[in-house]
Amino acid sequence: MRDAHRRRPGRTRGTLPDRAGSAPDRAHEGRVMKIGIIGAGNIGGNLTRRLTALGHDVSVANSRGPETLTALAEETGATPVHATEAARDAELVVVTIPLKNVPDLPDDVLAGAAEGFVLLDTNNYYPRERDGRIDAIEDGGLTESRWTEKQLGHPVVKAFNGTYAQDILDRPRPAGDPERIALPVAGDDGAAKDTVRALIDELGFDTVDAGGIDDSWRQQPDTPVYGLRAGVEAVTKALAEASPERPAAFRG
């Protein structure tokens, strides 16, 4: 989520899957991972900074080529690569580019990723100010991340879409800290979701299981949880209060 976007309160109460507050599997915590990040904007850049600082092996790509990432590489130690190389041997691939650009990624953008790799989607649909109208989302009933999943041909886990980019740098807290922020995480594959939740825990944030990708409308723009800086209890409540109706301001 870019810092310019602000949350608007939700309107209609819904129900949340019982698994929403479950704890992540800790099996991946503390292990060095090979991570590819496609997109070096606000979210992608700050994830690169934090993940390299934690010791992970990060490759990062943008649409302009690795030569434009020299400063980020020198700052972080990440490896700048072309988009088609970001996923090579990666256990986790992060796609964090404007939604409208997802179909323009090369067909082989995920080629060479490690077996069983996890694909993390941080994107949002902003039809009026950036992405234009996407009929499959507007008329076909697809959530933003289900649409992204179909474009890329691999299951996704959705997280960080409602997180202020600067918070990734400024708001990590140790486990148990009363000011620790919780982030919603949606995905259909429990093991993949556990991998993402354990990594977010390592980054210094709690998580709340927001259900499957078809449930991920609960964390889309203009829902109560979008941009919410709060703990597990408040995030769980905000997810439950979301409405499946896409607000007018976020329709094309």
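A brief report on the enclosed structure follows. Source: prediction; values computed, not measured.

### Structural notes on the overall build of the protein chain
When you go through the protein chain residue by residue, the secondary structure sums to 8 helices and 8 strands. Counting across all 252 residues of the protein chain, residues that qualify as buried make up 55%. Across the protein chain, every contact between residues at least 6 apart in sequence was considered, and the portion connecting residues at least 24 apart equals 74%. For the protein chain, the exposed surface amounts to about 10,800 Å²; the carbon and sulfur share of it is 46%.

### A short note on the packing of helix 1 (residues 42-53) against helix 7 (residues 190-203)
Relative to each other, helix 1 and helix 7 sit at 80°, their axes nearing to 10 Å. The pairing of helix 1 with helix 7 is recorded here as roughly perpendicular in orientation. Residues Leu-47, Arg-50 and Leu-51 of helix 1 pack against Leu-199, Glu-202 and Leu-203 of helix 7. Considering only residue class, the contact of helix 1 with helix 7 consists of 4 nonpolar, no polar and 2 charged.

### Examining the nonpolar core
Taken as a class, soluble globular proteins show a tendency for nonpolar side chains to be buried jointly. Among the nonpolar cores identified, the biggest contains 34 residues, and Ile-38, Val-93, Leu-119 and Leu-152 are the most heavily contacted of them. Breaking this core down by element, the ones donating at least two residues are strand 4 (92-95), helix 5 (144-152), strand 7 (182-187) and helix 8 (232-240). No other element matches helix 8, which puts 3 residues into this core. Not counting the four nearest positions on each side in its chain, Leu-119 is found in contact with Val-93, Val-95, Leu-110, Leu-152, His-154, Pro-155, Val-156 and Val-157. Core analysis: the next-biggest nonpolar cluster, separate from the first, contains 29 residues, Val-58, Ala-78, Ala-165 and Leu-203 among them.

### Here's the deal with the pairing of strand 4
Along strand 4, one buried face is formed by Leu-92 and Val-94 and the opposite face, lined by Val-93 and Val-95, is buried too. In terms of strand pairing, strand 1 (residues 34-38) meets strand 4 through 4 bridges, oriented parallel. Within the sheet, the bridge partner assigned to Ile-37 lies in strand 4 and is Val-94. Where strand 4 lies against strand 5 (residues 118-121), 4 bridges are found, and the strand directions are parallel. Along strand 5, the bridge assignment pairs Val-93 with Leu-119.

### With respect to the pattern of salt bridges
Using the criterion set out here, one finds 18 salt bridges in the structure. A salt bridge links Glu-91 to Arg-31; its shortest N-O distance comes to 2.6 Å. On the criterion of sequence distance, the pair formed by Glu-91 in the loop between strand 3 (79-80) and strand 4 and Arg-31 in the segment before strand 1 is long-range, its members being 60 residues apart. Residue classification places Glu-91 among the partly exposed residues on the basis of a relative accessible area of 23%. The class of Arg-31 is partly exposed, set by a relative accessible area of 33%. Notably, a salt bridge pairs Arg-229 with Asp-167, separated by 2.7 Å at the nearest N-O pair. Of the two residues, Arg-229 is situated in the loop between strand 8 (206-209) and helix 8 and Asp-167 in helix 6 (residues 165-170); the sequence distance between them amounts to 62 residues. Arg-229 sits in the partly exposed class, given a relative accessible area of 39%. Residues joined by salt bridges that share partners form a network here, namely Arg-133, Asp-135, Glu-138 and Asp-139.

### Observations regarding the sheet that holds strand 2 (residues 57-61)
With respect to topology, 8 strands assemble into an open sheet ordered 3-2-1-4-5-6-7-8, the strand pairing being mixed. Across the chains shown, the open sheet's two edge strands, defined by having one partner strand only, are strand 3 and strand 8. As judged from the 2 bridges shared by strand 6 (residues 156-158) and strand 7, these two strands associate in the antiparallel manner. Along strand 7, the bridge assignment pairs Val-157 with Gly-187.

### Regarding the packing of aromatic side chains
The tally for this structure, following the rule as stated, stands at 1 aromatic pair. Ring centres of Tyr-126 and Phe-250 lie 6.2 Å apart, and the angle between their planes is 50°; on these two criteria the pair is classed as tilted. Residue Tyr-126 is found in the loop between strand 5 and helix 3 (127-131), and its partner Phe-250 is found in the segment after helix 8; the two are separated by 124 residues along the sequence. Each member of the pair, Tyr-126 as well as Phe-250, is classed as buried.

Procedures and definitions
- Residues numbered from 1 in each chain as written.
- Predicted model: local features only at pLDDT ≥ 70, side-chain atom pairs only at ≥ 80, totals over all residues.
- Heavy atoms only, no water.
- Helix = DSSP H or I, 4+ residues; strand = E, 2+ residues; numbered from the N terminus.
- Buried < 20%, exposed > 50% of the residue type's maximum accessible area, 1.4 Å probe, protein only.
- Contact = heavy atoms within 4.5 Å.
- Areas by Shrake-Rupley, 256 points an atom, 1.4 Å probe, with all protein chains shown as cover.
- Axes fitted to C-alpha atoms, helices over the stretch in contact; angles between N-to-C directions.
- Parallel < 35°, antiparallel > 145°, perpendicular 65-115°, else oblique.
- Nonpolar A, V, L, I, M, F, W, Y, C, P; charged D, E, K, R; others polar.
- Core = buried A, V, L, I, M, F, W, Y, C linked by side-chain atoms within 4.5 Å.
- Pairing = 2+ DSSP bridges.
- Salt bridge = Lys/Arg side-chain N within 4 Å of Asp/Glu carboxyl O.
- Phe/Tyr/Trp six-rings, centres within 6.5 Å; stacked < 30°, edge-to-face > 60°.

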